[in-house]
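Understanding the architecture of this molecule
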Amino acid sequence: MTETQENSSSSLSGTDAAIRQAVRDRLPSTIADLSQLVRLPSVSWNSFDPENVVKSAEAVAELARGTGIFDTVEIKRAAIEDTETLGRPAVLAKRAAKNGRPTILLYAHHDVQPPGNAADWDTPPFEPTVKGDRLYGRGAADDKAGVMAHIGAIRALTDAVGADLDLGIALFVEGEEESGSLSFSNFLVDNREALQADTIVVADSNNWDTETPALTVGLRGNVKFTLTVSTLAHASHSGMFGGAVPDSMLATIRLLSTLWNEDGSVAVDGLTTYDGETPDYDEEQLRQEAGILEGVTPIGRGSILSRIWGQPSITVTGIDAPSTDAASNTLAPTTSVVLSIRIAPGQNAEDALQAVEAHLRAHAPFGAHISLAKFELGNPFLVDTSGESVRAAKQAMADAWGVEPVELGIGGSIPFIADLVREFPNAEILVTGVEDPDSRAHSPNESLHLGVFEKSLLAEALLLGRMNAQTSGE
């Protein structure tokens, strides 16, 4: 047992000990409930059956009702911004605080990424499968485990304190995070009173490894759009005109190549960096966790984590072009690509978009026509780590895991956090998670480490238990 574990064990209150026992006792049923959620293919993309997202929302609502603590449990939708179209269904549950206790808002999402090619999975993506200490399946980690961490923590808290539960709790489980959270902003406005809280927990991030918890304190923002490059009014024969006529694929390749320096770092003026401290993390760890092939070198400059947490990146995530099987001897008139730009903490997403667009227009080769469409923007986020909720969360993590947590930056983005900051400026926001570097969220063979899940669930339950003993404003 480590010194931290000894100190934690010796300082456990009666409530803490009861919560710890309740988490342990209920863990098998919590994992079973998680497995049932994983079986629902709740992909929120428009090209997938929306009824599966509805069924997933209904299942989450039933789990919330089953806790027995909420005054109201509703499935709600809001309009997608600047439209009359309703977004995917979300679950909103609320219980009012009593006796001067604070209120905490627990966020997660029940929608998932598409499974991709089933042949790339070792097990069926929507058939939860336990192998060793991991549960495999799409959404097993991202983010149905986040949903069940909230439900499991609430169950453990009620087991431990019974009728003495005075903490105000709002549960918000979104249904379209993986498709851009397009109705999120309106949902906050429509339900501001029900969502109002002193502390917000966003359970949708990583831990440092399977033995070390993390509180995410920095997130890159994102700018995503479709770039279309056109050079011809119609397709032409590559033999007849090749060598004199610039096809759109050539122009696209030449234009895209201007976005990076020789070392792979971003070469767009106006994209900024954030100079923050990073823990030790060597190239070998990067190669192992990212699956870099032998002989392939990392890109960028500076410390590895600064490249991921504090510097911009640009990735081509999709391309519309003739397939290799259907290729003909033709000069393509138009080519479209999807660009995903991650921006450093401290930069505004609108400013970043303007910088990238200006670069593309200035570097378009051969006079190619370019257009940008289908924009998704999300600002980066930095946590104010001076608040009491941050300290309480770190202590709960240390007590649950037996080691001190790491303050983590994340190269990915959670764009809606900027909406939470805007609507609830006085709330402390905690970004936690149940994932680890081997979870492979969004990828084939996504999985949840069950030991990490138990410790993450316990940490949240301890935080809830301690907040239940606080007076609001402490």
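As the structure is a computational prediction, the values presented were derived from the model and not from experiment.

1. With respect to the overall build of the chain
Each helix and strand counted, the chain has 14 helices and 18 strands in total. Relative to its length of 474 residues, the chain is compact, with a C-alpha radius of gyration of 24 Å against a globular reference of 23 Å. Structurally, the chain occupies a C-alpha span of about 80 × 45 × 45 Å along its principal axes. The buried share of the chain, reckoned over its 474 residues, is 51%. With an accessible surface of roughly 20,900 Å², the chain has 48% of that area assigned to carbon and sulfur atoms. Averaging the positions of the 34 positive and the 67 negative side-chain charges in the chain gives two centres separated by 3 Å.

2. Some words on the pattern of salt bridges
The final tally for this structure, using the stated rule, is 17 salt bridges. Across the pair Asp436 and Arg134 runs a salt bridge whose closest N-O atoms are separated by 2.7 Å. Taken together, the positions of Asp436 in the loop between strand E17 (428–435) and strand E18 (447–449) and Arg134 in strand E5 (residues 134–136) put the pair 302 residues apart, joining distant regions of the chain. Accessibility classification places Asp436 together with Arg134 in one group, the buried group. In this structure, Lys455 and Glu211 form a salt bridge, with 3.9 Å as the shortest nitrogen-oxygen distance. Placement of Lys455 in helix H14 (residues 450–468) and of Glu211 in the loop between strand E7 (199–206) and strand E8 (214–219) is noted, with a sequence separation of 244 residues between them. Assessed through its relative accessible area of 18%, Lys455 is described here as buried.

3. Some remarks on the environment of Phe184
Structurally, Phe184 can be placed in helix H5 (residues 184–190). Taking relative accessible area as the criterion, Phe184 reaches 2% and is therefore assigned buried. With residues up to four places along the chain from it excluded, the contact list for Phe184 reads Tyr107, Phe172, Glu174, Glu176, Phe416, Asp419 and Leu420.

4. Quick notes on the pairing of E7
Counting buried positions along E7 gives seven out of eight residues, so the element sits mostly inside the fold. Relative to E7, strand E3 (residues 103–109) runs parallel, the two sharing four bridges. In the strand pairing of E7, Leu105 is matched with Ile200. With seven bridges connecting them, E7 and E17 associate as parallel partners. Bridging across to E17, Asn206 finds its partner in Glu435.

5. Concerning the packing of helix H2 (residues 14–38) against H14
Between H2 and H14, whose axes approach to 10 Å, the crossing angle comes to 135 degrees. It follows that H2 is oblique to H14 by the angle criterion. As for how H2 packs across H14, the hand of that crossing is right-handed. Along its contact with H2, which presents Asp16, Ile19, Arg20, Val23, Arg24, Leu27, Thr30 and Ile31, the element H14 presents Leu450, Phe453, Glu454, Leu457, Leu458, Ala461, Leu462, Gly465 and Arg466. Its residues assigned to classes, the contact of H2 with H14 shows ten nonpolar, two polar and five charged.

6. Here we look at the sheet that holds strand E4 (residues 129–131)
The strand order across the open sheet formed by three strands is E4-E5-E18, and the pairing between neighbours is antiparallel. A single partner strand is all that each edge strand has here, and the edge strands are E4 and E18. Put simply, the sheet's adjacent strands are angled 25 degrees from each other on average, direction ignored. Note that E4 and E5 share three bridges and pair antiparallel. Each bridged residue has a counterpart across the sheet, and for Val130 the counterpart in E5 is Leu135. Docked against the sheet, H14 engages E4, E5 and E18, running at close to 65 degrees with respect to E18.

7. Remarks on the pairing of strand E6 (residues 168–174)
Of all seven residues in E6, seven are buried, a share of seventy percent or more. Residues Gly168, Ala170, Phe172 and Glu174 line one face of E6 and the alternating positions Ile169, Leu171 and Val173 line the opposite face, and both faces are buried. In this structure, strand E2 (residues 90–95) lies alongside E6, joined through five bridges in antiparallel fashion. Of the residues in E6, the one forming a bridge with Val91 is Val173. Sheet topology places E3 next to E6; seven bridges connect them, and they run parallel. If you follow Thr103 over to E6, its bridge partner there is Gly168.

8. Comments concerning the sheet that holds strand E9 (residues 221–230)
One open sheet accounts for four strands, arranged E11-E13-E9-E14; its pairing is antiparallel. In the strand order of this sheet, the two ends are held by strand E11 (313–320) and strand E14 (369–378), each with one partner. Averaged over all pairs of adjacent strands, the angle between strand axes in this sheet comes to 20 degrees, irrespective of strand direction. Bridge count for E9 against strand E13 (residues 334–343) is ten bridges, and the pairing is antiparallel.

9. Observations regarding the confidence of the model for the chain
On average, residues of the chain carry a pLDDT of 94, and 97% of them reach 70 or more. Throughout residues 1–11 the model reports pLDDT below 50, and contacts reaching past four residues in sequence, or to other chains, amount to eleven contacts.

Thresholds applied
Residues numbered from 1 in each chain as written. Predicted model: local features only at pLDDT ≥ 70, side-chain atom pairs only at ≥ 80, totals over all residues. Heavy atoms only, no water. Helix = DSSP H or I, 4+ residues; strand = E, 2+ residues; numbered from the N terminus. Rg over C-alpha atoms; globule rule 2.2 N^0.38 Å. Buried < 20%, exposed > 50% of the residue type's maximum accessible area, 1.4 Å probe, protein only. Areas by Shrake-Rupley, 256 points an atom, 1.4 Å probe, with all protein chains shown as cover. Lys, Arg positive; Asp, Glu negative; His and termini not counted. Charge placed at Lys NZ, Arg CZ, Asp CG, Glu CD. Salt bridge = Lys/Arg side-chain N within 4 Å of Asp/Glu carboxyl O. Contact = heavy atoms within 4.5 Å. Pairing = 2+ DSSP bridges. Axes fitted to C-alpha atoms, helices over the stretch in contact; angles between N-to-C directions. Parallel < 35°, antiparallel > 145°, perpendicular 65-115°, else oblique. Left-handed = near helix turned anticlockwise from the far one by under 90°. Nonpolar A, V, L, I, M, F, W, Y, C, P; charged D, E, K, R; others polar. pLDDT = per-residue confidence, 0-100.

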